[in-house]
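The chain contents come next:
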Amino acid sequence: MVVIMREVNMRKAIRNISTILFALCSFLFSTIFLIGNAMPEQFNVVSGYDFKLSGAVQVSTQKAQNRLSVPVSKLSPGSSYQASLQLFGLFPIKDVKVNVVDVTTVVPSGMPFGIKMYTDGVLVVGMSDVDTPNGPKNPAKEAGIKVGDVLVMIDGKPVNTTEEVAAIIEKAGGRKMCFKIRRGNITFDMYFSCVKSVNENCYKAGLWVRDSSAGIGTMTFYIPGSNIFAGLGHAICDVDTGEPLPLATGEVVPARIYSIVKGISGEPGELRGGFEGGTMGQLSINCETGIYGTLNKTPILGQPVPVAMKQQVKAGPAKILTTISGTTPELYDIKIEQVRYNDSSPTRNMIISITDQRLLEKTGGIIQGMSGSPILQDGRLVGAVTHVFVNDPTKGFAIFAENMLKTANTVQQQAPAA
């Protein structure tokens, strides 16, 4: 009987151990899978530096080193190599490409600026029925046009203002017209006739369109010598559709902050200001990572700092440079709570929290108008503020400066030499 009981206990122990091992292996494989998905396929590293990641993920360059005649830290800009990411230095996660780049220095700004932009085509922001003698009709909706579409041409004529759209439709007098539509990356034609409104005595398509936008944001940095600038850290989007406005032309102008609406949970605050005279520069790009262009002249004298690569950003204390009164930016303490390497959301790379009591007392945390405020850590520009948590204005998201620099460099490559 004793022998039988021992065998039963032994089997139970083996089953328990097997269950624990299976759970541990499942957890390990799940962790490796999740980390692998969260890691980008490529990293950039400044020439002269080793590629390192903080935390449990360690980097091995041994395979690459065995094939090279010099240490990877001695490779010149333009070179690249493969690195292996490992959990605790033991469990392989994935291989990534490491590109060696030159260090880039920029001047952090933090100053407010006004933004005036005009769309490339007109953005469809709404639909409304037209009151015809035969009842309400909406020709555009019936043809398949959707909110968020961009109306590029009517009957072969480019349209960039609401007035141009109205004039062409009225002149057509109800005949069938060709509307060229851009939806995402696809452009196509739609054919339909507009109808006459009884009350307004004019022809209408049943569309509401927008052709311009204006507001105040924060400049993140400019590149000395070329005066290429970057700001906001996110696209300028239409207030009704949430879609990025397609940029045709635009300019940035000086702005001054006059007052503050303090942010509270559920109600984001805002910086209130106004445009001042003159033009600072021209807009070139409005995209997911911000707005970019060329300044007419250097806006302020500042100390250039290197741009951090994403793996150089770490959780911990940092500072933001922002303006909450007048035109002069000041430094305030923040904490980087979390760093995210995933490329799938390029404007939400960090979670940050405001820790400076001076800023909390005046603004409640992050408020509208602070988007683009540069974030500095260890003498480098690491990112910019992009979004606030609506239910907790002391916290928000930030973008890597490296992501903004990548787009800024495309403007620099297209611009004439200074």
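Below is a summary of the structure that appears in this document. (Residues numbered from 1 in each chain as written. Predicted model: local features only at pLDDT ≥ 70, side-chain atom pairs only at ≥ 80, totals over all residues. Heavy atoms only, no water.)

### Here we look at the overall build of the protein chain
Worth spelling out the cut-off: The helix count covers DSSP runs of H or I at least four residues long, the strand count covers runs of E at least two residues long, and both are numbered beginning at the N terminus. Between two residues, a contact is recorded if the distance between any of their heavy atoms is within 4.5 Å. Shrake-Rupley sampling with a 1.4 Å probe provides the accessible areas, and residues are treated as covered by the protein chains on show and by no other component.
A tally of helices and strands in the protein chain yields 6 helices and 27 strands. When contacts within the protein chain are restricted to residue pairs at least 6 apart in sequence, those whose partners lie at least 24 apart make up 68%. When the accessible surface of the protein chain is split by element, carbon and sulfur atoms take 54% of a total near 21,000 Å².

### Brief notes about the sheet that holds strand E24 (residues 350-354)
Strand pairing in a sheet relies on backbone hydrogen bonds, with the paired strands running either antiparallel or parallel. Defined as follows: Between any two strands, pairing holds if DSSP finds at least two bridges. Angles here are taken between N-to-C directions and fall from 0 to 180 degrees, while the axes themselves are lines fitted to C-alpha atoms, restricted in helices to the stretch in contact.
One closed barrel accounts for 6 strands, arranged E22-E23-E24-E27-E26-E25; its pairing is antiparallel. Put simply, the sheet's adjacent strands are angled 45° from each other on average, direction ignored. Of the pairings in the sheet, the one linking strand E23 (residues 330-339) to E24 comprises 5 bridges and is antiparallel in character. Across the sheet, the residue bridging to Gln338 is Ile351, located in E24.

### Examining a nonpolar patch on the surface
As a reminder of what qualifies: Nonpolar side chains (Val, Leu, Ile, Met, Phe, Trp, Tyr) within 5 Å and like charges within 9 Å form the patches, drawn only from residues with over 30% relative accessible area and no salt bridge. Each salt bridge in this description consists of a side-chain nitrogen of Lys or Arg and a carboxyl oxygen of Asp or Glu lying within 4 Å of one another.
Judged by side-chain polarity, Ile17, Ile20, Leu21 and Leu24 come together as a nonpolar surface patch covering roughly 400 Å² of accessible area. On the secondary structure map, Leu24 appears in helix H1 (residues 2-38).

### A look at the pairing of strand E19 (residues 281-287)
As defined by bridge partners, strand E17 (residues 247-261) adjoins E19 across 2 bridges and the pair is classed as antiparallel. Among the inter-strand pairings, Glu251 is bridged to a residue of E19, identified as Gln282. Between E19 and strand E20 (residues 290-295), which follow one another and run antiparallel, lie 2 residues.

### Things to note about helix H4 (residues 162-172)
Note the following rule: Residue burial is assigned from relative accessible area. The probe radius is 1.4 Å, only protein chains are included, and a residue is buried under 20% of its type maximum, exposed over 50%, and partly exposed in between. Think of it as the arc spanned by the lines of direction from the helix axis to the C-beta atoms.
Turning to H4, its buried residues number three or more, namely Val165, Ile168, Ile169 and Ala172. Summarising the axial view, the buried residues of H4 lie within an arc of 95°, below the 170-degree limit, and thus occupy one face. More than 90 degrees from the buried face of H4, the exposed residues found are Glu163 and Lys171. Where H4 is buried, its residues touch strand E6 (112-127), strand E9 (150-154), strand E10 (157-158), strand E11 (176-183) and strand E14 (203-204).

### A few points about the pattern of salt bridges
This structure, assessed with the given rule, holds 12 salt bridges. When the shortest N-O distance is used, the salt bridge between Asp155 and Arg175 registers 3.0 Å. Within this pair, whereas Asp155 is found in the loop between E9 and E10, its partner Arg175 is found in the loop between H4 and E11, the two being separated by 20 residues in sequence. For Asp155, a relative accessible area of 29% corresponds to the partly exposed category. The network of salt bridges with shared partners includes Glu330, Asp356 and Arg358.

### Quick look at the nonpolar core
Rule in force here: Joining through side-chain atoms within 4.5 Å is the link that ties buried Ala, Val, Leu, Ile, Met, Phe, Trp, Tyr and Cys residues into a set, and such a set is a nonpolar core.
In this structure, Phe51, Leu53, Tyr81, Leu85, Ile320, Ile352 and Ile375 are the most contacted members of the largest nonpolar core, which totals 40 residues. Other than its neighbours up to four places away in sequence, Ile375 contacts Ala318, Lys319, Ile320, Ile334, Ile352, Arg380, Leu381, Val382, Gly383, Ala384, Val385 and Ala398. Grouped together as the second largest cluster of nonpolar side chains are 21 residues, Phe113, Leu247, Leu283 and Ile291 included.

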